[in-house]
Each structure stands twice: as C-alpha cells, then as structure tokens.
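# Structure assessment
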Amino acid sequence: MSHPLRLTVNDGEYLVIAAAGAYLLDVLRDDLGLQGTKEACAEGECGSCTVLIDGEPVDSCIYFAAQATGKRITTVEGLGRNGAHPVQRAFAALGAVQCGFCTPGFVVAAAALLQRSPNPGVDEIREALAGNLCRCTGYNNIVAAVLAAAGSQDGDA
Amino acid sequence: MTAPAPDTVGRSVGRLDGGAKVTGRYEYGVDASRPGMLWARLARSPHAHARILSVDTTAALAVPGVRVVLTGADTLGYLASRYVRDEPLLALDRVRYPGEPVAAVAADTQEAAEAACRLVRVEYEPLPVISSVEEALADDATVIHPDWASYWVSPIIRRPGGNVVSHASLRRGDTAALFESADHVFEDTFEVPMVHQASLEGRVAIAEVDDAGVVHVWSSHQYPFGLRQDISDILHIPLGKIRVTVTGVGGGFGGKLYAGAEPYCIILAQRTGRPVKLRYTREEEMIATSPRMGATVRLRTAVAADGTLLAREGWIDYDSGAYSESSPGVVSVGLLTLAGPYRWQALSIDTRAIYTNKAGCGSYRAPGAPQAVFAGESQLDRIARELGIDPLRLRLHNAVRDGDLGPTGQVLNNVSLVETLQAAADRIDWDSAGAGHLRGKGLSCTWWTTTGMPSSAYVRMDEDGTFVLITGATEIGTGAVTAGVAQICAGELGIDPADLKIVSADTGTTPYDFGAQGSRTLVQAGNAAIAAAEDLKSQMFDIAAAKLGCQAEELEMSDGEIRHTNDPELSLSVSDVARLGGTRGGLLGRGSYEQPPTPYDADSVQGAMIGAFNIPSFATHACEVSVDGATGEVTLDRYVVAQDVGRVVNPRYCEGQVTGGAVQGIGQAMFEEIIHRGGHVMNPNFTDYKLPTLSDVPHIETILVEVPSDSGPYGAKGVGEQAIIGPPAAIANAVRDATGHPIQRLPITAERVWQSLRGPGTAS
Ligand code: FES
Ligand code: FES
C-alpha cells in the first residue's frame, strides 16, 4: 500500500507517494533524486546514510519516511547552500576525503556536532563520529578536518 | 626519472574531485542509471557443495515485471577467474560454495527481480563439504573440481591437482646444512582467517548493448582495461566491441580488480535489449565476493647464537575458497613476504592455494602478505626473547641493506629498512624502560612492491590553452590520480593543479593503463603523464620558437607563459600558442611508460607469477598496548608507522594512504574475521563483521621516510598497500610483551588474549 507523504527536505516542500514502510533513504535517493546520501549497510551500522531530522543525525536507512513528516530533513545537498559548509570545506582541503563514499554521512554528522558543540575537543569528536565508518582514511584527517572547521566557524556557518 | 621536481611536488594541494565528494554531487556506480534500465539479481545456492539435479524457472518467469531468467544452461562455456579458468558464470552441474549464483534475473524493478530469485526452483543433491584446508588436503578428500585438469591455465602456474589450485616454491642455498649446524632452530605455526575488503560501496555495474552488438559497461572498478579483457575472455566478445567506463568508485582495495557483476549485466542486456544494472547487497558482498585468503603458516628458522638469521623453511597453505580468482598470483607473494626484508643464507619456502567450499578469494591490498608477515615477524620476537636480544637490535642486525640480494636474488637498491626501524623506534621511545604491568610495545618490519606494467597518457591543449590530462589510470579514492598524478602533470606544464582537467579510466577514450593495483598508479601513471607533458611541450616549443625566431631548446614554460631561458622578454602566452596550434587542429602530447622487469634468479623459484618486488619499499610499525587482565581486552595506546615512500608528492594524501592502510591492518589484527561454519558465512553484515571505528583506533602517527627510487617520478615509490601488512605482527608482539603469552591466531580478540593469559606461556 502506498501513501502520500509531505516531507520538508533542505527547506523545500515535497509530496511523495511512498510505500508503507518505505525508508527515508530510499525516498530521498529514488523519489527525490537526492543521491548524495549513501547506503553501505542498510542496517544502521555505518552512518553512510546519515541525515539530520530537526538537526539531529539519524541513519536514514532504518528510519521510516513516514516518521519524518512534519519534521525538518537536512541532507548533504542542503548543508552548503550558501557556499559549502565549513565542515565540507575542511574535509575537502584537509585530506578527510578519499573515495568519499562515507563523506556525506560524516559531514552531516559533523555539522550537527558543531551545531550543538561549536568547539569540540578531540575526544568529543571521536565519540560523536564513532557511529560513522570510513574504510579509507584511517580517520586522522577526519578528526583534523572537524577540528579545523570548528576553528573556522565563527560567523561562517 | 629523477629530474628536478616542479614546485607543485611535495605540497598538500587539494584533490580535483574533493568538491564534488563533499557536496554529494560525485556520481558513484550506485548512483548511475540509464534510460529504460532493468534491474538484475542473482539467485544463489543455499548449499556449500551440491550436485544440481534440475532447475525450474517457470515460477520465477511468471512474476510480473520479470523480463528474463538465465541459468547455467544459458551460459555454457562462460568461465571466469583470470589465471585458472575454473568458475562458471552460473553453476551448471554443481555448486561449490554457499551463495554461488545459479540463475540471473532481469526485471523492471529490484523487488520483482528479488521475488523471482526466490522462486527459482533448484533440486540439489548435497555433496561432502570441505570446510577447511586441512580437510581439503586429506587423502580421501572429495575433489571440488573433478575436471581441474581440463581448465585453461595461464603460463608459469604449477598445479599438482586434487584440491591444490597452485603451488609456488623458492629454493636458495643449502637450508639442510644450515639447520644441521645452527645453534638454534625455532618452529611455529600461525593461523589467519579470511577478511574482507569491505569497501563501503560494493560491486555495481550497468551494461548496455547497442544494435551493432557493442557492449558498453559502466562499473565501479579499479582496472577498466583488465575488466575489458576479462569480459572478452569470459563471454567470447571481441575486445574491440567492448567499452568500459569507470564510474565513481566508493573504495576498492583490490576487491574490484576482476570481472564481478559485469558479465551478468551483459548477458541479461543482450537477451533483453535493455540496459541492466546489478548491485550487490552488503550480504552478497560478504558471502560471495572475493575476500583475502585465510592461511595456515608454518615456519622453521635456523639462527646463530648471536641472533644472525641463517636459514628459513616455510609453508603457507592459503585457503582459496571454491575458485582460483587471483590466488595463483598471490601464492608467489607469499614466498617473498615470508622471507621478509632480511639477509638469509638459505631459504626453502612452499606456498599453495587450496580449494575449499567457501566463496572464491581474490586480491585485497597487499595480497598474501599480512598472513606471511604476521607469522614471520611474530616468530622474530620469539627468537629475540629466547636469545635475550632486544627485538629492535635483532632486526637491525639482520636487516637488508643497499646491495644485498632479496630472497629470489634481486639486487636491492635504495633500501630504507634501517631508517624506518630507527625512526619508528625513536618515535615510540623503544628504549624507555618497560611500560609497566600488562603494558607492552611491539615492532614489525615489512617490504613491498611498486608494480610495474604499462601506463599511457595524453596531455591535450585545447583552443583556449586549457590543459587536459587523459589517462587510463583509475581514481579509486587514494588521490593518486586526482591529487598525485595531477600535481605531477600540472607541475611539468607549469600550471596550478587546480587548473588541470582530467579525463580518466574509460577504455573508449583513454589510453591503456594496468590499473589501480599493486601500489603503482602514482609511479607508473605519473611517469606516463610526465612523458606526455614533455611531448606536448616540445610541440608547443616548436611552434613558439618559429614565431619568436629562436631555438625550441632555448624555451621554458611556466605560469602560462613560454619564455626564452636567457631573455624573458622573448615570450608568448600559452593561449597565444594555443591559437597558433589551434589552426593545426589542436595539440596532443602522448606518453607511455613501462619499466623493464626487475631481474632476479629465475632458477630459484617455480610456479611464481611474481618473482621479485619492483621498486621495493620498506616500513616499520611500532605500537604500544595495554591489556586488561580481567577481560583480555587490548587497548591500542599508540600506533606509529615509518614508511619509505621514496619521494613525497602530496604529504597529506601520502599520509592518508599510510593511516588508512594501518587502520585496515589494525582491523585484521584485532577485529576482522569472516566466520565460516560448513562453508557458510556466519557474519555477513557490519553488525557481526566488525570494522574499526573512531572509538577503536588511536591517532596514527606517521613518519614519511624519503629514500628516492631510481625510476619513480622524482624518486617516488609505491605507497598504497604496504601499511596494511605490519599491524597484526606489531600488535601481537606488543601483546606478548605485555602478557608474556604468544598470539598465534588472528584476530587478537579479548577472548583469545584472556585464554592465553590462562594458558601456558612465559611470565613477562
Ligand atoms: S546505510 Fe544506513 S547505517 Fe549503513
Ligand atoms: S573515504 Fe572511503 S570510506 Fe571514507
């Protein structure tokens, strides 16, 4: 059975017809064409599919689209609308991106972290991003990029 | 090519694909689509080993939206595996591992394809399951490939038959005499499980066939030219009727070097006349795609009382799974890495790949090496401990140096092992007294190759003076192409790397490259790019010299200007030359590079596809751990890698290769293991197959050592694979230092350490 759903994504309003039980990730990628959000495990283990719901990071692969109605959804495409978000700039500049498949999930999660804690320490960054897997970088440069983005943020975000 | 490096080299410039990747605009294989595209899905065997009695696709075909269902009968003669062609595209008369494809479906939707797969009815008659190498080698073992002798085999490979895929051996010097006379002989056995590349993007491809029968494949792949050859070999399609375009690649690590999803897409596209996409789920990745081989490693080492290594005998039995994939090549790497970077008077090593009823194994970053090095470097620490010699001094005493011979007699040049040992030991404060109760430090040393083989490139100058690098090399995430080769090429052209455009990895538009494998891209594709830039520049200088009335040899190019070396007033802008050149239809520089093979003593090896390490490089890993005596839990407090990279082209991405490799190696050391029961994978997901996260690993401290090579760009050596090799032994040695108990099986889980604390061992 399909239902019409009204979703607010990156400040835009969308009406989609989604199967009951459709996951938000599939609706974003397949119905709205927002393919920046990635799937790597489809069971809430890797964080590749991270989006923000009312500013909080969630794994969209295990989050029903229907749960998101009436909430504010932010995807990687919505992060950098006034020029790239400082986190995105820092990731690109500081080697936090290799294959980049984990990157949308990381930058979204890191942006949420900086929103609630503008100057996190290394331990806080490690803890906040421990739910996101990266198979390429070994994480050094990801931590460095989030630290740098925090330092560059004032009045920029 | 040790010409002076341009000023772009040695700087951490940004990568050309960085912007698209951070904003989510970069298009990966999973994102690609074609108009009118169908979805494919494979029906897979639930049995590890069984005869197929019948296959009935009637119910599957009746699912609405299903366009075609193919079985083994439709794919007769389509055999995969590059070196021993033993793998039917779809099983015909028997299945040899759980998850082996028995039917391929194309349907309008993924849901319909999946539903149809569940309705493919196959009648099986189970056969005895070979679930380990030991069982495979038993005298009365069921032979997994009864027809093994009839398979096509590439040259060099030695196949004794039965369940042995291939056998390589190394013999140098008189091991028997040395073992006879040695003061000490040490013998140990080590076990290493299969581990998976686990690239976050799995295998995914699209194929489309045009009216003339030309096949176009889009694939998340590391080696488009190899894939084109594989497709031609497997499906008997002429090479010239195949085009492979690489999409964005969400990680490879060796897992995307061979044909995978592509041939299925092609046969389904041929049947339906529609583009077909096949994407493996995470579970399919984990149960049915080519992981790193597990291994049993036995070694005996003869040592003099002063710690001088004399001779080594070694045996590695690698578990190849049900198909050969890359194992016939990998066994030869075992010969070189079990010897390690040490001086030996004699060596006798045998490495084999063995068939079992598990998914066929393939290449994973430094294939074959971590298994061997875990054994060799762990045993070195046992030797040091029992002879009362410091493990660092034992290694320094035996380390290869310039002019020494490698295990197969290659002459070693630009050797940097001692430098890396000293750098890593200094950084970890090796000599500072014992870290305390249940704390320990460990070391391991590695050496690795920079694979040769051809690379070609074009550098094109467009009408407005824009430069475009056209390379067959593939960017799989390392930055080797979009940072390193781009920097090299831009430097040679005297422009900012950000202004260079790149076209890459498309057999339809780019020249040949041997692929993103063997740590070769920066070195080999870099050399090709230099040659192409040189060629373009000489054409531009000819045009400019005629215009300026001087000799071409008197010109140089930088910052968009061509100038006379002695008279800077005499100059032309690149865009002026472009306009002049444009009247001749534009300019194209061409460059190819292929290093001559590294000489070695060919008589010392048999059955070895790889007999020497090309441009070898060296590394030392050092770490510090603490062990919880109550739980056995190991905490990695510090981790240091000192690795020789020859010449740093981009410090940030160079370090990124080292840190990324080290963390994958830490995963192998501490967490990762494909757990099998009766051939079935028990942990086919990221919940149960644990990858290292930010909470598991410390900041990786890297030291880039620069001992230039003779032939890499400005002295560069390969970087990508080496750092994955060292961690299991370094961590096992640190745990042993902490607890006094050896670790001889990976991964080093809390449970295993806890058990070792209660088992026999020596007090620390
Ligand atoms: S894809 Fe959602 S957590 Fe992995
Ligand atoms: S950059 Fe490849 S998974 Fe993180």
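Think of each chain on its own: its residues are numbered from 1, step by step along the sequence as written. Labels are handed out in written order, letters beginning with A for the chains and numbers beginning with 1 for the ligands. Local features in this predicted model are restricted to residues whose pLDDT is 70 or higher, and side-chain atom pairs enter the listing and the counts only when it is 80 or higher, whereas totals over whole chains, interfaces and linings include all residues. Side-chain measures here rest on the full set of heavy atoms in the structure, leaving out hydrogens and waters.

Elements are defined by DSSP. Helices are runs of H or I of four residues or more, strands are runs of E of two residues or more, and each kind is numbered from the N terminus. If you tally the helices and strands in chain A, you get 6 helices and 5 strands. Taken from N to C terminus, the helices and strands of chain A fall in the order β-β-α-β-β-β-α-α-α-α-α. Summarising its shape, the C-alpha atoms of chain A cover approximately 45 × 30 × 20 Å along the three principal directions. The protein chains shown are the only cover counted for residues, whose accessible areas, like all others here, come from Shrake-Rupley with a 1.4 Å probe. Of the roughly 6000 Å² that chain A leaves accessible, carbon and sulfur atoms contribute 48%. Taking the 10 positively charged and 17 negatively charged side chains of chain A as two groups, their mean positions are separated by 3 Å. For the charge count, each Lys or Arg is scored as positive and each Asp or Glu as negative, with His and the chain ends excluded. For this purpose, a charge sits on NZ of Lys, CZ of Arg, CG of Asp or CD of Glu.

Residues and elements named next belong to chain B. Here a strand pair is declared whenever DSSP counts at least two bridges between the two strands. One open sheet holds the 4 strands; their spatial order is E18-E27-E28-E31, and the pairing between them is mixed. The strands lining the two open edges of the sheet, one partner per strand, are strand E18 (439-448) and strand E31 (700-705). In this sheet, adjacent strand axes meet at a mean angle of 15° when their direction is disregarded. For strand E28 (residues 634-644) and E31, the ladder comprises 6 bridges, and the chain directions are parallel. Bridge pairing in E31 places Ala642 opposite Ile703. Note on geometry: axes are lines fitted to C-alpha atoms, helical ones only across the stretch in contact, with angles between N-to-C directions running from 0 to 180 degrees.

In this section: empty space enclosed by the protein. All names here are of chain B. Detection works on a 1 Å grid of protein atoms alone, calling trapped sets that fit a 1.4 Å probe cavities and calling open sets with protein on both sides within 12 Å along at least five of seven lines pockets, with lining residues defined by an atom within 4 Å of a point. Grid points are joined across faces, edges and corners, and a volume is the space filled by probe spheres set on the points. Taken as a whole and judged by the stated rule, the model has 8 cavities of 30 Å³ or more. Considered as a void within the structure, the largest cavity measures approximately 460 Å³ in volume. As for the largest cavity, its lining consists of 31 residues, of which Ala80, Glu87, Ala259, Gly260 and Glu325 are closest to the centre. At the level of secondary structure, the elements contributing two or more residues to the lining of the largest cavity comprise strand E4 (79-80), strand E5 (87-88), helix H6 (224-235) and helix H7 (262-272). Residue contributions to the lining of the largest cavity peak at 3 residues, all from H6. Looking at the lining of the largest cavity residue by residue, the classes come out as 14 nonpolar, 8 polar and 9 charged. Quantified by volume, the second largest cavity comes out at close to 80 Å³. Note on residue categories: nonpolar means Ala, Val, Leu, Ile, Met, Phe, Trp, Tyr, Cys or Pro, charged means Asp, Glu, Lys or Arg, and polar means any other residue, Gly included.

Right, let's talk about the domain arrangement of chain B for a bit. All names here are of chain B. Examined at the domain level, chain B breaks down into domain 1 (29-127 + 203-279), domain 2 (294-450 + 610-757) and domain 3 (452-593). Look at where the C-alpha atoms of domain 1 and domain 2 centre, and you get two points 36 Å apart. Should any heavy atoms of two residues lie within 4.5 Å, those residues are counted as being in contact. Each partner contributes to the interface: domain 1 provides 19 residues, whereas domain 2 provides 18 residues. Here's the idea: put two parts together, see how much 1.4 Å probe accessible area each one loses, and the total over both is what we call buried area. Taking both partners together, domain 1 and domain 2 bury about 1400 Å²; carbon and sulfur atoms supply 55% of that area. What makes a salt bridge here is a side-chain nitrogen of Lys or Arg within 4 Å of a carboxyl oxygen of Asp or Glu, nothing more. Summed over the shared surface of domain 1 and domain 2, the number is 0 salt bridges. By convention here, the domain bounds are inherited from an automatic or database domain assignment.

With that settled, consider the interface of chain B and chain A. Tallying the contact residues gives 46 residues for chain B and 41 residues for chain A. Summed over both sides, the interface of chain B with chain A buries roughly 3600 Å², with 54% coming from carbon and sulfur. Along the contact surface separating chain B from chain A lie 4 salt bridges. For Asp31 of chain B, the salt bridge is made with Lys38 of chain A, and the minimal N-O distance between the two is 2.9 Å. Definition of a polar contact: a pair of N or O atoms within 3.5 Å, with one able to donate and the other able to accept a hydrogen when the atoms are protein atoms, and with sequence-neighbouring residues admitted only if both atoms are side-chain atoms. Inspection of the chain B/chain A interface yields 31 residue pairs in polar contact (both at pLDDT 80 or more).

All right, on to the pattern of salt bridges then. All names here are of chain B. Evaluation of the coordinates by the stated rule reveals 42 salt bridges over all chains. Residue Asp17 is joined to Arg15 by a salt bridge in which the shortest nitrogen-to-oxygen separation is 2.6 Å. By the burial criterion, Asp17 is buried, and Arg15 matches it. Close ionic contact of Asp601 with Arg172 constitutes a salt bridge, the shortest N to O distance being 3.0 Å. Placement of the pair is Asp601 in the loop between strand E25 (587-593) and strand E26 (605-606) and Arg172 in strand E9 (residues 164-172), with a sequence separation of 429 residues. Each residue's exposure class comes from its accessible area (1.4 Å probe, protein chains only) as a fraction of the maximum for that residue type: buried when under 20%, exposed when over 50%, partly exposed otherwise. According to the relative accessible area criterion, Asp601 is partly exposed, its value standing at 29%.

What a helix is expected to span follows from its residue count: subtract one and scale by 1.5 Å. When the terminal C-alpha atoms of helix H13 (residues 480-493) of chain B are compared, their 18 Å separation across 14 residues agrees well with the 20 Å that a helix rising 1.5 Å per residue should span. Where H13 of chain B terminates, the next one or two residues include Gly494 of chain B, which has phi positive at roughly 70°.

A separate point is the domain arrangement of chain A. Residue and element names in this part refer to chain A. Domain annotation of chain A identifies domain 1 (2-79) and domain 2 (86-152). Computed over C-alpha atoms, the centres of domain 1 and domain 2 are 21 Å apart. Contact residues are listed per partner, giving 16 residues for domain 1 and 12 residues for domain 2. Both faces combined, the contact of domain 1 with domain 2 buries some 1100 Å², and carbon together with sulfur accounts for 68% of it. The tally of links between domain 1 and domain 2 comes to 0 salt bridges. Our count for the contact surface shared by domain 1 and domain 2 stands at 2 residue pairs in polar contact (both at pLDDT 80 or more).

Nonpolar side chains in soluble globular proteins tend to be buried together. Ranked by internal contacts, the top residues of the largest apolar core, which has 177 residues, are Phe91 and Tyr139 of chain A together with Val625, Tyr639, Ile731, Val735 and Ile748 of chain B. Listed in part, the 37 residues of the second largest apolar core include Val485, Ala529, Ala545 and Leu587 of chain B. What is meant by a nonpolar core is a set of buried Ala, Val, Leu, Ile, Met, Phe, Trp, Tyr and Cys residues, joined one to another through side-chain atoms within 4.5 Å.

Further remarks concern the sheet that holds strand E3 (residues 50-53) of chain A. All names here are of chain A. The strand order across the open sheet built from 5 strands is E2-E1-E5-E3-E4, with neighbouring strands paired in mixed fashion. Edge positions in the open sheet fall to strand E2 (12-19) and strand E4 (56-59), since each of these has one partner strand only. Each adjacent strand pair in this sheet contributes to an overall mean axis angle of 45°, direction not counted. As judged from the 2 bridges shared by E3 and strand E5 (residues 72-74), these two strands associate in the antiparallel manner. The partner of Ile53 across the bridge, within E5, is Ile73. Taken strand by strand, helix H4 (residues 103-116) contacts E3 and E4, and its axis lies near 35° from that of E3.

Okay, the pairing of E28 of chain B next. All names here are of chain B. With 8 of 11 residues buried, E28 is to be regarded as a mostly interior element. Two strands pair when backbone bridges link them, and strand E27 (residues 617-627) and E28 are joined in this way by 9 bridges, in the antiparallel orientation. When the bridges of E28 are listed, Val627 appears paired with Val634. Counting the residues in the hairpin turn of E27 and E28 gives 6 residues, including Gly632, whose phi is positive at 80°.

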